Amino acid sequence: DLNLLHNGRSELTMPVIVGETKYKTPVFSHAMSYIEINPYWNIPPSIASEEIVEKMQNDPEYLKKKRIRIFDGWDRDAPEIPPEAVDWHSVGADIRKYRLRQEPGRNNALGTIKFMFPNHSNIYLHDTPGQSLFRRARRAFSHGCIRVSRPLDLASQLLQADGQPRSKKRLQQQINSGKQAVLVLKQPVPVHIVYLTVRITADGIPQFYEDVYGRDALLAEGLFAADKNRPHAAMTHC
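What you are looking at is a predicted structure, and each value in this text was computed from that prediction instead of being measured.

Here is what the cut-offs are and how they apply
- Residues numbered from 1 in each chain as written.
- Predicted model: local features only at pLDDT ≥ 70, side-chain atom pairs only at ≥ 80, totals over all residues.
- Heavy atoms only, no water.
- Salt bridge = Lys/Arg side-chain N within 4 Å of Asp/Glu carboxyl O.
- Buried < 20%, exposed > 50% of the residue type's maximum accessible area, 1.4 Å probe, protein only.
- Axes fitted to C-alpha atoms, helices over the stretch in contact; angles between N-to-C directions.
- Helix = DSSP H or I, 4+ residues; strand = E, 2+ residues; numbered from the N terminus.
- Left-handed = near helix turned anticlockwise from the far one by under 90°.
- Contact = heavy atoms within 4.5 Å.
- Nonpolar A, V, L, I, M, F, W, Y, C, P; charged D, E, K, R; others polar.
- Pairing = 2+ DSSP bridges.
- 1 Å grid on protein atoms, 1.4 Å probe; cavity = no way out; pocket = protein on both sides within 12 Å on 5 of 7 lines; lining within 4 Å.
- Points joined across faces, edges and corners; volume = space filled by probe spheres on them.
- Polar contact = N/O pair within 3.5 Å; in protein donor to acceptor, adjacent residues only side chain to side chain.

1. A few points about the pattern of salt bridges
Considering all chains together, one arrives at 10 salt bridges under this definition. A salt bridge links R101 to E103, with the shortest nitrogen-to-oxygen separation between them at 3.3 Å. Comparing R101 with E103, the two get one shared label, buried. Notably, a salt bridge pairs D153 with R150, separated by 2.8 Å at the nearest N-O pair. A cluster of three or more residues bridged by salt bridges with shared partners is formed by R69, E80, R101 and E103.

Structural data, given as structure tokens:
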């Protein structure tokens, strides 16, 4: 879950979706510096190579249906090319040299808002059109980024705390305009991504969660190995 803390108090909690076991969400700390309304999605080369190529082979209209444009390179001024200019049955990993970009909109994979804390892992928080997945107990479905269930609430709370009050209604109006907007935070917000399989509630009750990444087993193995290798105190008799 996501927990928004302000002055040490929990202001907002919500379910999130994290990376599936093949694309584990990393553990690290950074600082959120801006919020983007109606974002583009520049599709990572790995996803283009491992997923998009096959989908185009099965359905030549796939990019058009998903409002994905293709550019001849990753430079900002790279020219757009038509999907039929690519031989999807032979391109293979060479698709990585092209930039695939999904246009903003409700069906965009990032939804209508993303929360950016630029980092080497290219991980961020974002909205999603797949809201039904938040009702599942096990929520590891993403490629590593973190999908949030209540993006409007999160954006409004962050902006309020930053001295840039925007109601959810006003944010929704910005979304409905279809225009992109970058809202820079005056004070970057610390972001801590942690992996926990047990926590204590405010009532002192322990809650246990599935170890989806198998990290508890690795930790236990390391602890027991350290215990076995620890030298035992010598026993002496007077």
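2. Observations concerning the packing of helix α3 (residues 151-161) against helix α4 (residues 168-177)
Remark: α3 packs on α4, axes separated minimally by 9 Å, with the N-to-C direction vectors making an angle of 115°. As for how α3 packs across α4, the hand of that crossing is right-handed. Residues L152, D153, A155, S156 and L159 of α3 touch α4, and the partners they reach there are K168, L171, Q172 and I175. Residues belonging to the contact of α3 with α4 are distributed by class as follows: 5 nonpolar, 2 polar and 2 charged.

3. Quick look at the sheet that holds strand β13 (residues 181-193)
In spatial order, the strands read β11-β3-β12-β10-β9-β4-β13; together these 7 strands make up an open sheet with mixed pairing. If you trace the sheet from one side to the other, it starts and ends with β11 (140-142) and β13, each paired once. Contacts between α3 and the sheet are confined to β4 (28-37), β9 (113-116), β10 (125-126), β12 (146-148) and β13, with β9 contributing the most and set at about 45° to the helix.

4. Looking at α3
For α3, the complete set of buried residues consists of P151, D153, L154, A155, S156, L158 and L159. At the C-terminal side of α3, G163 shows a positive phi close to 80°.

5. Considering the layout of surface pockets
Its boundaries defined by the atoms lining it, the largest pocket holds a volume of some 1600 Å³. What lines the largest pocket is a set of 46 residues, among which D1, L2, N3, V16 and V194 lie closest to the centre. Those elements that provide at least two residues to the lining of the largest pocket are β1 (2-6), β2 (9-14), β3 (16-19), α3 and β13. Per-element accounting of the lining of the largest pocket gives the leading share, 7 residues, to β13.

6. Quick notes on the side chain of Q164
In this fold, Q164 is placed in the loop between α3 and α4. Here V184 takes part through its backbone oxygen, which lies 2.9 Å from a polar atom of the side chain of Q164.

Purely geometric stuff here, so don't read any function into it on its own.
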